[in-house]
Amino acid sequence: MCLAGTFTFFLMRLNLSFALVCMVREFRYVNDTTVVAISNDSFRDDITTRFVSSPGYDSAEQKDSFGDDLRHIFDEEEGFDWNKEVQGSMLSAFYYGFWVTQVFGGWLSDRIAGSKAILILAMSTMSVISLLSPFVAQWSRIFFFLRLTLGLASGLAFPTIQPLFSRWSAPDERATLIGLAFAGFTLGSSITFPLSGFLCEYGFAGGWPSIFYLSGLLGVIWVVLAIFLVHDSPETHPRITNDELTFLEPYCLKKQHGKKYNSIPWKGILTSGPVHTINVSQFCLNWGFYTLISGLPIFMKEALKFDITQNGLLSSMPYAAALVVHLVAGKFFDWCRGKQLCSVTWLRKIFNTIGFLLPACSFFIVGQLTFEWRYIAVFLLALSQAGSEIAIMGGFMFSNIDLAPQYSGVLQGISNTIGTIPGFVSPIVIAYLTPSGSASEWAKVFYISGSLYIFGALIYLIFGSSERQKWALPLGADIQEKNTRLFQPTVSPVSNRTETFES
């Protein structure tokens, strides 16, 4: 259900990114030497005047004829007159809302130990918004508000996922299981773009509206299933077997004696170097991720000159590659951890460094490529997202659970709040840097992302840690000063056999 939930979540989050390619008008007039693209109603008179005043139009009849023809094209062409600034604002609206509610969502999940109600409420809201979007899009301000509300609901839902696994999984299986759950994000990314391209051309309700209708309908189906299938903890599951409950009971977080349930140690969190290292890493990685999420279909169209069908298919390639690595990296990380090759801190640093440097190199090279090398550019962008999954599955991303498993929802909410800033800043930066959509303009976009990847790799390599933090230990527990091994043998409270748990 978590896999299906993250998949549906991302469909509703990304539906606008590709739909914009079909929603917004583009007008092209072609003469012997010139191709002009116009995407805003306010430019019509200016473009008409400029062209009919050019040397190629000497007679009054030619000027009148061109002006009439151009205005006829504007009147007949379907779509919205949204220039790049408006498009950037619409894409950013989601992230304004997403940025606001994540810490609150994580706090709710950790404080009341309940993810189910939050997930159902948030997904219901997102589904309704997606279903309303095609009708409301004709009013740009209301549509902006809907996208903002979509982000607010998403921010509540996202941080509730990790706390579920702190109650439903053993430590030595956690990376694999979380990897499967979060694979829905990568799967959603890889499917959304080709599916949207198909629906733009052949979908019902006029093409692009079907993108929103389909994602909203899937959200409704998920909510109905979640009411019966999702439960906050093993103790509340009505159909769990005794064997399953006995196995999971030692790992399920309990109320600490003498403490209010998961009373949040804000001072410890806000003064923790490892926590802030995760936050910086999240920001750097998400800048590159949101650059592609928001800008890849437009980059494919403007700089690489792919048509809509090619665009949809090739825009999915980075996420298809990421999905493959996503499913493998978590399992490989658990294998390395089980072999006790090094401490968990250094194991995460190795995974994280590789996962940041691969996309950094890829982005720098893509910035140098011309139109003739466009398929190489697609390959490198796929490599960049595949590399990022190494950092996500084995690097900084899930070290929140290492630092403080009982506060992982709050920590994830904080890191996602910081990491969401690129979501609403990068579309604006892209719009500013690419006014004409040339390859040289897009190169600047990729250089910025590549530089941030390198910075993030260095920060985590120097300051990253996976040691349990002192403020996250139960009362009376002694903190270990050295993180010497990944595991220490412990006698299971369920039986007399020796098992291994995370230190």
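What counts, and at which threshold
Residues numbered from 1 in each chain as written. Predicted model: local features only at pLDDT ≥ 70, side-chain atom pairs only at ≥ 80, totals over all residues. Heavy atoms only, no water. Salt bridge = Lys/Arg side-chain N within 4 Å of Asp/Glu carboxyl O. Helix = DSSP H or I, 4+ residues; strand = E, 2+ residues; numbered from the N terminus. Buried < 20%, exposed > 50% of the residue type's maximum accessible area, 1.4 Å probe, protein only. Axes fitted to C-alpha atoms, helices over the stretch in contact; angles between N-to-C directions. Parallel < 35°, antiparallel > 145°, perpendicular 65-115°, else oblique. Left-handed = near helix turned anticlockwise from the far one by under 90°. Contact = heavy atoms within 4.5 Å. Nonpolar A, V, L, I, M, F, W, Y, C, P; charged D, E, K, R; others polar. Polar contact = N/O pair within 3.5 Å; in protein donor to acceptor, adjacent residues only side chain to side chain.

Caption draft 1: Inspection of the pattern of salt bridges at higher detail. Tallied over the full model, the rule gives two salt bridges. In this structure, the salt-bridge partner of arginine 337 is aspartate 334, at a minimum N-O distance of 2.8 Å. One end of the pair, arginine 337, and the other, aspartate 334, are both in helix H14 (residues 317–338), three residues apart, so they sit about a helical turn from each other. Each member of the pair, arginine 337 as well as aspartate 334, is classed as buried. Note that aspartate 402 and arginine 348 form a salt bridge whose closest N and O atoms lie 2.6 Å from each other. Taken together, the residues span a long stretch of sequence, with aspartate 402 in helix H17 (residues 399–403) and arginine 348 in helix H15 (residues 344–366) at a distance of 54 residues. Here the two residues aspartate 402 and arginine 348 agree in accessibility, since each one is buried.

Caption draft 2: Looking closely at the packing of helix H5 (residues 116–136) against helix H9 (residues 209–229). One way to put it is that H5 packs onto H9 with a least axis distance of 8 Å and a crossing angle of 155°. Overall, the two elements H5 and H9 adopt an arrangement that is roughly antiparallel. Crossing hand, H5 versus H9: left-handed. For the pair formed by H5 and H9, the contact residues are Lys116, Leu119, Ile120, Met123, Ser124, Ser127, Ser130, Leu131, Ser133 and Pro134 on the first element and Pro209, Phe212, Tyr213, Ser215, Gly216, Leu217, Gly219, Val220, Trp222, Val223, Ala226 and Ile227 on the second. Across the contact of H5 with H9, the residue classes tally to 14 nonpolar, seven polar and one charged.

Caption draft 3: Summary view of the environment of arginine 374. Inspection of the secondary structure puts arginine 374 in helix H16 (residues 374–394). Judged by relative accessible area, arginine 374 falls into the buried class, the value being 15%. A C-alpha to C-alpha distance of 8.7 Å links arginine 374 and lysine 305, two positions 69 residues apart in sequence. Once residues lying within four places of it in the same chain are set aside, the contact partners of arginine 374 are Leu304, Lys305 and Phe306. Looking at arginine 374, its side chain comes within polar contact range of the main-chain oxygen of leucine 304, at 2.8 Å.

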